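This is what each chain is made of:
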There are 2 protein chains.
Amino acid sequence: MAPNSVKIPLGDYVFKRIVSLGVHSVFGVPGDFNLSFLECLYDVPEIHWYGTCNELNGAYAADGYSRKIGNKFGVLATTMGVGELSAMNGICGSFAEYVPILHIVGTTPISAKKNGLANHHLITSMCPLQKNDHYVYQKMAATVSCNVTSIEDLREAPSQIDALIRDILTEKKPGYLYIPCDLATAPVDATNLTTIPGASFYETQPRGSAHVINEIADLALEKIYKATKPCVLGDGLVDRFGMTNQLRQFVERTKLPNCSNPMGKSLLDEQNDYYVGDFIGNESAKQVAAYVRSCDLLLHFGNFDNEVNSGHFSIHNGFEDKEDNGKSLIIFNHRYIRIDSQVFDGYSIEDILPAMLAKLDISKVPNVEKPNVNASIERVPSSTPISETDVLEEIQHLLQPGDTLVVETGSILYGIPDIKLPSNCKLISQPFYLSIGMGLPCSFGASVAKKELNEQGRLILLEGDGAAQMTIQELANYNRPGLSPLIILLNNDGYTVERAIKGPTREYNDIRPNWKWGQIFDTFGLKNYRCKKVIQLEDMHNTLEEFGRDNSCARMVEVVLGKLDAPWRVNKMLDGYK
Amino acid sequence: MAPNSVKIPLGDYVFKRIVSLGVHSVFGVPGDFNLSFLECLYDVPEIHWYGTCNELNGAYAADGYSRKIGNKFGVLATTMGVGELSAMNGICGSFAEYVPILHIVGTTPISAKKNGLANHHLITSMCPLQKNDHYVYQKMAATVSCNVTSIEDLREAPSQIDALIRDILTEKKPGYLYIPCDLATAPVDATNLTTIPGASFYETQPRGSAHVINEIADLALEKIYKATKPCVLGDGLVDRFGMTNQLRQFVERTKLPNCSNPMGKSLLDEQNDYYVGDFIGNESAKQVAAYVRSCDLLLHFGNFDNEVNSGHFSIHNGFEDKEDNGKSLIIFNHRYIRIDSQVFDGYSIEDILPAMLAKLDISKVPNVEKPNVNASIERVPSSTPISETDVLEEIQHLLQPGDTLVVETGSILYGIPDIKLPSNCKLISQPFYLSIGMGLPCSFGASVAKKELNEQGRLILLEGDGAAQMTIQELANYNRPGLSPLIILLNNDGYTVERAIKGPTREYNDIRPNWKWGQIFDTFGLKNYRCKKVIQLEDMHNTLEEFGRDNSCARMVEVVLGKLDAPWRVNKMLDGYK
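The numbers attached to residues start from 1 for each chain and follow its sequence in the written order. A letter from A marks each chain and a number from 1 marks each ligand, given out in the order of writing. Local features are withheld for residues below a pLDDT of 70 in this predicted model, meaning they are given only at 70 or higher, and side-chain atom pairs are given and counted only at 80 or more; totals for whole chains, interfaces and linings count all residues. Side-chain measures were taken over the full set of non-hydrogen atoms in the model, leaving aside hydrogen atoms and water.

*Asks:* I'd like to hear about unusual backbone geometry, residue by residue, with values.
*Replies:* Residue and element names in this part refer to chain B. In this model, histidine 312 sits at a positive phi of 50°, which is unusual for a non-glycine residue. Relative to the elements of secondary structure, histidine 312 occurs in the loop between β12 (297–301) and β13 (328–332). One non-glycine residue with positive phi stands out, namely leucine 434, at about 55°. Under the DSSP-based scheme used, a helix requires at least four consecutive residues in state H or I and a strand at least two consecutive residues in state E, with every element numbered from the N terminus. Following the sequence through the fold, leucine 434 ends up in the loop between β17 (426–428) and α16 (439–453).

*Asks:* Give a detailed account of the relation of the copies chain A and chain B, specifying residues and quantitative values.
*Replies:* Superposing chain A onto chain B takes a rotation of 180° combined with a translation of 0.0 Å along the rotation axis, leaving an RMSD of 0.0 Å. Considering both components of the superposition, the chain copies are consistent with a two-fold axis. When C-alpha positions in chain A are compared against the rotation axis, the closest is assigned to methionine 140 of chain A, at 2.9 Å. Taken as a fraction of all interface residues of chain A, those also at the interface in chain B reach 100%, which identifies the copy contact as same-surface. When the copies are overlaid, the least-squares fit takes in C-alpha atoms only where the residue has pLDDT of at least 70 in both copies. Note on contacts: a residue pair is in contact if any heavy atoms of the two residues lie within 4.5 Å.

*Asks:* Account for the environment of leucine 298 of chain B, with residues named and values stated.
*Replies:* Residue and element names in this part refer to chain B. Within the secondary structure, leucine 298 is located in strand β12. Taking relative accessible area as the criterion, leucine 298 reaches 0% and is therefore assigned buried. The spacing of leucine 298 and proline 230 is 68 residues in sequence and 5.9 Å in space, taken between C-alpha atoms. Exposure categories follow from relative accessible area, calculated using a 1.4 Å probe and restricted to protein chains: below 20% of the type maximum is buried, above 50% is exposed, and the middle band is partly exposed.

*Asks:* Would you mind going over the packing of helix α1 (residues 10–20) of chain A against helix α8 (residues 157–171) of chain A in detail, with residue names and values included?
*Replies:* All names here are of chain A. All axes are obtained by fitting lines to C-alpha atoms, using only the stretch in contact for helices, and the reported angles, taken between N-to-C directions, cover 0 to 180 degrees. Between α1 and α8, the shortest axis-to-axis distance is 11 Å and the interhelical angle comes to 30°. In terms of their interaxial angle, α1 and α8 are classed as roughly parallel. Where α1 crosses over α8, the two elements pack in a sense that is right-handed. The residues of α8 that touch α1, namely those facing Leu10, Tyr13, Val14 and Arg17, are Ala157, Pro158, Ile161, Asp162 and Ile165. Here the contact of α1 with α8 is built from residues that sort into seven nonpolar, no polar and two charged. Roughly parallel covers angles under 35 degrees, roughly antiparallel covers those over 145, roughly perpendicular covers 65 to 115, and oblique covers all other angles. Two helices crossing with the near one rotated counterclockwise from the far one by less than a right angle form a left-handed crossing, whereas a clockwise rotation gives a right-handed crossing. Throughout this entry, Asp, Glu, Lys and Arg are counted as charged residues, while Ala, Val, Leu, Ile, Met, Phe, Trp, Tyr, Cys and Pro are counted as nonpolar. The remaining residues, Gly among them, count as polar.

*Asks:* I'd love a proper account of the sheet that holds strand β18 (residues 459–464) of chain B, names of residues and values included.
*Replies:* Residues and elements named next belong to chain B. What the six strands build is an open sheet, ordered β17-β16-β18-β19-β21-β20; its pairing is parallel. The outermost strands of the open sheet, each flanked by one partner alone, are β17 and β20 (529–534). Pairs of neighbouring strands in the sheet enclose a mean axial angle of 15°, with direction left out of account. For two strands to be treated as a pair, DSSP must find at least two bridges joining them. Direction of pairing for strand β16 (residues 404–407) relative to β17: parallel, over a ladder of three bridges. Each bridged residue has a counterpart across the sheet, and for leucine 405 the counterpart in β17 is leucine 427. Sitting on the sheet, helix α20 (residues 537–549) is in contact with β19 (486–491), β20 and β21 (554–560), with an inclination near 170° to β20.

*Asks:* Give a detailed account of the packing of helix α12 (residues 244–254) of chain A against helix α14 (residues 349–359) of chain A, specifying residues and quantitative values.
*Replies:* Residues and elements named next belong to chain A. Taken N-terminus to C-terminus, the directions of α12 and α14 make an angle of 30°; their axes are 10 Å apart at the nearest point. With respect to the hand of their crossing, α12 and α14 are arranged in left-handed fashion. Contacts from Gln246, Leu247, Gln249, Phe250 and Arg253 in α12 reach Leu353, Met356 and Leu357 in α14. Looking at the contact of α12 with α14 residue by residue, the class counts come to five nonpolar, two polar and one charged.

*Asks:* Quick one: what's the story with the side chain of aspartate 565 of chain A, residue by residue and with numbers?
*Replies:* Residues and elements named next belong to chain A. Relative to the helices and strands, aspartate 565 resides in the loop between β21 (554–560) and α21 (568–573). The side chain of aspartate 565 is buried and forms no salt bridge, while arginine 379, the nearest opposite charge, is found at 8.6 Å. Polar contact is the term for a pair of N or O atoms within 3.5 Å; when the atoms are in protein, one must be able to donate a hydrogen and the other to accept it, and sequence-neighboring residues count only if both atoms are side-chain atoms. Engagement of the side chain of aspartate 565 in a polar contact is seen with the backbone nitrogen of glutamate 388, the distance being 2.5 Å. The residues contacting aspartate 565, other than those within four sequence positions of it, are Val380, Pro381, Ser382, Ile386, Ser387, Glu388, Ser411 and Thr496. In this tally Asp and Glu are treated as negative and Lys and Arg as positive; neither His nor the chain ends contributes. We count a salt bridge whenever a side-chain nitrogen from Lys or Arg sits within 4 Å of a carboxyl oxygen from Asp or Glu.

*Asks:* Describe the pairing of β13 of chain B, with residues and values.
*Replies:* Residues and elements named next belong to chain B. Within β13, five of the five residues are buried, which leaves it mostly tucked inside the rest of the structure. Neither face of β13 is open: one carries Ser328, Ile330 and Phe332, the other Leu329 and Ile331, and all of them are buried. Pairing of β12 with β13, which is carried by five bridges, proceeds in the parallel orientation. Bridge pairing in β13 places leucine 299 opposite isoleucine 330. Where β13 meets strand β14 (residues 336–339), three bridges bridge the pair, whose relative direction is antiparallel. What sits directly across from phenylalanine 332, in β14, is isoleucine 337. Connecting β13 to the next strand, β14, in antiparallel fashion are three residues.

*Asks:* Can you lay out the UniProt feature "binding site: Mg(2+)" (unreviewed entry) in chain A for me, pointing to particular residues and giving the numbers?
*Replies:* Residue and element names in this part refer to chain A. UniProt positions are given in the numbering used here, feature names are shortened, and annotations may be inferred rather than shown by experiment. UniProt's feature table lists "binding site: Mg(2+)" (unreviewed entry) at Asp465, Asn492 and Gly494, given in the numbering used throughout. Taken along the chain, the residues just named run across 30 residues; in space they keep tight, none of their C-alpha pairs more than 6.8 Å apart. For aspartate 465, the location among the structural elements is in helix α17 (residues 465–471). The buried category is assigned to aspartate 465, whose relative accessible area is 1%. Filtering out sequence-adjacent residues up to four positions away, aspartate 465 remains in contact with Leu489, Leu490, Asn491, Asn492, Asp493, Gly494, Ile511 and Trp517. Tracing the chain through its elements places asparagine 492 in the loop between β19 (486–491) and α18 (496–501).

*Asks:* Can you tell me about the interface of chain A and chain B, naming the residues and giving the values?
*Replies:* Listed as interface residues are 96 residues of chain A and, on the opposing side, 96 residues of chain B. Values labelled buried area give the accessible surface lost by two parts on being combined, using a 1.4 Å probe and summing over both. Of the roughly 8,100 Å² buried between chain A and chain B on both sides combined, carbon and sulfur atoms contribute 61%. Its largest share of buried area at the contact with chain B, chain A owes to Met126, Tyr508 and Arg512 of chain A, together 10% of the area lost on that side. At the boundary of chain A with chain B, the tally comes to 44 residue pairs in polar contact (both at pLDDT 80 or more). It is helix α5 (residues 88–96) of chain A that contributes the most residues to the side of chain A that touches chain B, five residues altogether. Looking at the side of chain A that touches chain B residue by residue, the classes come out as 49 nonpolar, 29 polar and 18 charged.

Set out below in C-alpha cells:
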C-alpha cells in the first residue's frame, strides 16, 4: 500500500468500482450478514438500491438488468445461506445463458468463520462434535460462477474485487463476492479506483496470436468469396460478447442473406432487406428452412449449440462438411473458430469478426438476390375465441421500434420466431435454461436498465398465468416512478407448455385456480395502473392499441385462452418427447 | 430378480413405497423431466398431489408437512435444474434443522446423460467443445442431503430407493432421488414392497454395544440420584429423533423441573407442574434463568447447540464441568452422549433414554419442589396502539389445546419463549436456519399433515409483512377443502428484525409499500374467507376471539404495528451484533 494512500470502507470500494464501470443499480434483499455492507450504499449516491420481494426474484431482476443494459453486468446482494441459496436458480440461469452478474453475499464474521461456530443460516456438520464449515455455500457457488472471491485479507481485497469483475466481464458469467459482515466497513486502499479506471476493464486483449487471427479471418473470407450463396446466422453469444454492432456492420456491408435463431433473435435488424427469418433447423418455418438450406455456406456467429436454440441439434444439418455436398459451415464461437473440419481452439469471435471487417473486400463478396421469404404464421385453431396464434399476430402488429419485449418461458415463446421484429426492438427471453417464472422479475430488472439508459420505448412482458404465479409478488416493484410495463397475461388455466408434453388434463399441470388478475396491481399497492380482461379478438386488438399508446402507468391485459392451445412449433418440437 | 417377480413402473414403486411408510402427500411443481414420473401418481390413489406455486414454496411446504406429520418424512417432486435449484434453500433449511425430506428430481433421459448433450435446463461446460455434465446439480445436492441416489440401472432401483429412504429416516435429513425421465415408467421388480414392509423402516437398531448403552444409562441415572436439584432441558432433536413421548414419560415419572429452548419448544407439556419456562441461557426471562442456573444438574436432551437455540452459546454456562462448581451437565445427542467431561462418541439418545426409562428407580430420584416460576412478559412500548408485546399476550390468550402454531422468522419469533403453551399444542418455527418467508408455505404443508392426521385443532400462522411478501402466492393453496388457517399478519412496514440490527430507517429495510392485505384472499381466488385489519387493542382482541372460534374458512387478521417495535428479547439478543 502506498504511504499516502486513501482508505475507504470495503463496501464503498465495491460500490465505487461498480459505478466506475457504468453500473448504477443494485438488486437484492437485506439480511443479517449484509446490512453493514448495504450501509455503504449511502456513501455512494450514484448507486440506486432496488429491493426485491425475495432473492430469486432479485437474481432474475439482476439478470434482466444485465441483458438490457448491454455489455456491462448486473449486481445482486444477498445474505449468506438463506439468501444466496434462494437466488441460486436465478444465478444458474445467468450462468447457463452467459449473463454477467456480480453476486455479493454478506457472511458471518471472520472470527466465527475461523472458529467454525454454529451461527444461524448455516448447516452444521453431520457429526455435531466437529467444527462447522462457513465456506459450505461458497463451494456450491463455484458450480454456477466463473470466480468465487472470499474476502479474508483487507490488503488483498481491492485487487481481488477488480480481478473478480474482470473475470465476470471476460467470461460473461456470474461471479461471487463473499464479504464477512465485520469487514464490510473496514478500511481498504482506494488507490486502484484512480489508477485503474473502469473503462480499462472493458478493453479486451486478443486471444491467441495476431498472426493466427489474421489467418483465420482470411480463411473465413476466402470461403465467403468462393461461395455462391452464403448465409449469416446471428446467435446469442454475438450479443453477449458485445459483437452485435460488428455483425450488423458485416451484414450491411456484405448484403448477405441473414437470419437469427432463438437466442440470437433481435440482434440483427430484422427489417434489413436480406433478413430471411428465424432459422432453427428443423423447427424453422418451412420457407425459412428451405431458403437457408439452399445456401452453400452457413456463417454461424456467436453459436450456442444447445437443444432448444439449435432445433434439437438440427441447425447445421446439411452444412456439416462430413456430408461432402459442396456446402460449408463456419462457426464463430468465443472459445473456438471452426471452418468446416478445421478447429482453431482458443480463438474468439471477439478478434476474428473485427479482423474480417477490417479485411473485407466487398467486390469479392458474391452478389445474392434479396431473399423475399414470406412466412406467414401457421394457424392453430383454439377452443376459445382468441388463440395463441392470434396473440402472436397481435404482438406483431403492436410492436414498434425501440420496444423491449420480454417473453416468459411458456408455450407462447415458441411462437416468437414467427414474429418479424421492428428495427431497434430488443427481445429478452431464456430459451436454453427455460426457468418458468423468470420473465416477470426479469422484466422489472430490464425496466430499471431502460430507465438508467433513459430509453423511451415500451417494456412489454408476455407471460402465462402459471409462470406469473411463481413470481407474482414482484409486480409490486412496478410501484416506482418511471417504470410502466405493458403486461400481456395469457390466462390458460395452467402449464400449457407442460400439458403439451404430457398430462393435458392432469391435475399436476393445473395451477391455483380463479385468480383475479385484474385486481393484482391494486392489491400490491399500485395506485396508477390500468387492467382489462379480454375474451374476444376485437376486444384484445382494441385494448392493446389503447393500452399500447398509454405509456404513463403499469398496464395489464389479461387474455383468456384455451388450456391446450399453443403455437404450431410446440407440437413440432415435442415430437421427440412423446 | 425372482423368476415370478411382479414388475411395476419405477414411479409406482416410489409412490407405493412412500404409502407403505404412512406418507400420503407429495408437494411439488411439474416440469418437462418429471411429467412421466408424475403420471404414476394416478396408479397409486393413496397419494395426494399438492402442486405449489413455485418450488421454493414446495420445499417449505414439504418441510412443514414433515415437521407436523411426526417422525415420518415429507416428499417434494421437482424437475432438474430450474426446479431443484429453486427448492435448494428450502431443502437446505430442512438439512439444517433435521427435517427428513425425500426430494425426487426428474432428469434428462439416460442416453442424453451419457452423451453429455446440451439439453435445456442444464449449464454447459465453460469450454463449449467439451461434453456437458448432466450430474452437475446432483453434486451440489450432496451438500444439503444425507444421500444422493441417481437411478441408472433398473435392477438396482428398488433396493437403492429403499436404502435412500432408510438414510433419510436414520439421519433426519433430506435425501435426493434422481429419476431420468425415460426410466420413470420403466418396469422394476416390486418384490421388496411385499417382503420388506414399510413398518420395518421405522425399527431402529441400537447404535453401539448393549453393554455400553447400559453403562451410560447407569452413569446418567447415578448423576441424577446424587443431585439435589436436577433440571431437564428438552431440545429440538428429541422431537426429530422421535423421543418426545419417552422424554414426557421421563418428566412425568421423575417429577423433575423441566424446561425447553427455542427448537425444543412444545415437545414438553408446558402445563405440567414442574415446567419452569423456556430456557435460552442468557436470553431467557430472568426468573427462568435464575431458576435453571440454581439447579446442580442440567440434563440436556436432544441438544442442538447453535447460536440462536443456545442463547449465543450461553446455555451451558455454569454447568460446564471445567468450572468446578459442583455442577454437572449431561448431554444426550443423537451422535454422542456427554456426561460432564466424559464423551461417549457414537451413542444416541435413541438408545440411552429408553434404557434410562427401563432402569429408572423413582425412589432414588431427588424430590424437588414445584418450581412455580412466574415470568410475566417484559413489556416494550410502541409508537402504535398495539405493540408486539400485546400481540404475544393475545396469542397466549388465544391458544387452545390441540392448536398448531406456526411462527415465521421475524421479530415476533423472539417473543414466543415468553408464551406458555397449552397442552398438546405444537409449535413450528425455524429458529436456527431462519429463512424469512418459510412460514407461510410451511403452514400450508403443516395444514395438509393436520388434515391427513384428521386433527381437529386450529392452524395458526403468525407472520410479518416482509416475510409474507416473499412467498405470498402460496396463500392461494388454502383454496382447498379442509384447510382453514388463521393468519395473524403483522403489518409493520418492513423487515423489523433487520431494522433492529442496523438501518432502522434505511430504504434497504423497506418492503414494497401499501399492500392491501385484506383483499389478497379474494385476489388469489379464495371464495370463502374472512379478513380484518385491526389498529386498536380491543379490536384485535375481539377479532381474534371471533375469528378464532370460526374454523370454517381461511381467516386473516392484519395487525398494524410500529416499524421499530419488537419483543424485549430482540434487543437483548442483538447486543452482540451492534
